[in-house]
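# Coordinates in review
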Amino acid sequence: MKTRVTELLGIEYPIIQGGMAWVAEQHLAAAVANAGGLGLLGGANAPGEVVRDMIRKCREMTQKPFGVNVMLMSPYADDVAKVVIEEGIKVVTTGAGNPAKYMDAWKAAGIKVIPVVASVAHAKLMQKAGADAIVAEGTESGGHIGEATTMTLVPQVVDAVDIPVIAAGGIADGRGMAAAFMLGAEGVQIGTRFVASTEAQVHDAYKERIVASKDIDSAVTGRSHGHPVRCLRNQMTREYVKLEAEGKTMEELEYLTLGSLRKAVQEGDVQKGTVMAGQIAGMIHDIKSCQEIITELNRDCEALLHKQW
Ligand code: TUI
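Residues numbered from 1 in each chain as written. Predicted model: local features only at pLDDT ≥ 70, side-chain atom pairs only at ≥ 80, totals over all residues. Heavy atoms only, no water.

## Structural notes on the domain arrangement of the protein
Let me state the cut-off plainly: Domains are outlined according to an automatic or database domain assignment. Contacts between residues were defined by any pair of non-hydrogen atoms, one from each residue, lying within 4.5 Å. As used here, buried area is the combined drop in accessible area, with a 1.4 Å probe, of two parts when they are placed together. One side-chain nitrogen of Lys or Arg within 4 Å of one carboxyl oxygen of Asp or Glu is enough to make a salt bridge. Definition of a polar contact: a pair of N or O atoms within 3.5 Å, with one able to donate and the other able to accept a hydrogen when the atoms are protein atoms, and with sequence-neighbouring residues admitted only if both atoms are side-chain atoms. Gly is put with the polar residues, along with every residue not named as nonpolar or charged; the nonpolar set is Ala, Val, Leu, Ile, Met, Phe, Trp, Tyr, Cys and Pro, and the charged set is Asp, Glu, Lys and Arg.
Considered domain by domain, the protein is made up of domain 1 (4-201 + 285-305) and domain 2 (214-276). Between domain 1 and domain 2, the C-alpha centre-to-centre distance is 24 Å. Taken together, the 13 residues of domain 1 in the interface contact 11 residues of domain 2. Of the roughly 980 Å² buried between domain 1 and domain 2 on both sides combined, carbon and sulfur atoms contribute 61%. Per-residue buried area on domain 1 facing domain 2 is highest for Trp-22, Gly-143 and Ile-145; these three make up 50% of the total on that side. The residue Glu-147 makes a salt bridge to Arg-223 at a minimum N-O spacing of 3.6 Å. Between the two partners, domain 1 and domain 2, sit four residue pairs in polar contact (both at pLDDT 80 or more). Of the residues contributing to the side of domain 1 that touches domain 2, the split by class is five nonpolar, six polar and two charged.

Structure follows, in structure tokens:
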């Protein structure tokens, strides 16, 4: 499947791995890259030097292209924005904000810039600012989310911009990928399916929580203070949502989520930790290699796109 996205990124399949905080490190990004997709390292809240180290380690694990996701709410976003240039990274995706202030420097360094957006207005703004492509991320996604669903957001963004659109949120198999193409996307960004992969350096308890989850097992914390985050229901989300309903402020609730993603990813505390995952977790029943995931996605997507109805 050749699209403007495979051309732009020099990859075999139009599949991008999400730049997930604490999850998208060198083992996962290199495995996705080696399987023909675009691997991404997640800058998350890490200092620039930590990201530099991940980039160098990833280079030792793959000859294929990979990128870095710059999480714009990070206190280290400015540092990470510089590190990607210094390290000669060719693709940057951004999340949780507006990357306009970095755009000129990144473009001058020959970086392909792909902002992740959750609205048509932000997509248009990003095209105007010089973005090379856009990830339109629906509210089905895990982590920090917007309001629109993938089904409604993707075609509206496709109509609003000329640059290629990559669909994200709720995609984990060939059916979802084919559906995204039907909506006009030229690539897909996939997160949760890659968390439940053999290569992801994520505690087994986290992967098993995804495998065990059902369709309505996710919850959104932080809606009341404008920072909605989707994760799998547990002791933490129950407590959080209850206190939110009682009108507690973001500051008063912070103790519940401080370091909680790391606690879930690294220590496997899936009760008190934050188990970020998308709504499609309910459809994931096994842990597979990135190679298997990517091969099956493409095979099943292509079969559907060629099917005679
Ligand atoms: O960024 C994401 N997903 C994330 S970031 C993250 S780390 C985190 N952890 C705890 C709390 C908050 C963040 C976990 N998951 N996805 C991309 C995305 N970007 N989704 C929504 C947006 C977005 C939202 C508002 C992009 C832009 C925006 O505003 C634009 C503006 O002009 O500021």
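## Some details on helix H2 (residues 26-34)
In an α-helix, one full turn covers 3.6 residues, which means residues spaced three or four apart are oriented alike. This is how the line gets drawn: Buried means the residue's accessible area, taken with a 1.4 Å probe over protein chains only, is under 20% of the maximum for its type, while exposed means over 50%, and partly exposed covers the values in between. For the purposes of this entry, the term helix denotes a DSSP run of H or I that reaches at least four residues, the term strand denotes a run of E that reaches at least two, and both are numbered from the N terminus.
For H2, a buried count of seven out of nine residues is recorded, marking the element as mostly surrounded by other parts of the structure. Against the buried residues of H2 lie strand E1 (15-17), strand E2 (39-42), helix H3 (48-61), helix H9 (192-195) and helix H14 (290-306). Downstream of H2 by a residue or two, Gly-36 has a phi angle that is positive, lying close to 100°.

## Some remarks on the nonpolar core
Inclusion rule: Nonpolar cores were defined as sets of buried Ala, Val, Leu, Ile, Met, Phe, Trp, Tyr and Cys residues, with membership established by side-chain atoms within 4.5 Å.
Val-68, Trp-106, Phe-194, Tyr-206 and Ile-210 are the most contacted members of the largest nonpolar core, which has 76 residues in total. Two domains each donate at least three residues to this core, and these are domain 1 (4-201 + 285-305) and domain 2 (214-276). In this structure, Ile-210 is in contact with Thr-192, Val-195, Ala-196, Leu-232, Ala-277, Ala-281 and Ile-284, ignoring residues within four places of it in sequence. Ranked by size, the runner-up nonpolar core spans 13 residues in total, among them Ile-11, Leu-40, Ile-114 and Ala-168.

## A word on the confidence of the model for the protein
The predicted structure's coordinates, where accompanied by low pLDDT, should not be read in detail. Keep this limit in mind: As a per-residue measure, pLDDT reflects the predictor's confidence and takes values from 0 up to 100.
Chain-level pLDDT for the protein is 97 on average; 100% of the residues reach the 70-or-more range. Confidence scores differ between elements of the protein, with helix H12 (residues 250-257) showing the lowest mean pLDDT of 91 and strand E8 (residues 165-168) the highest of 99.

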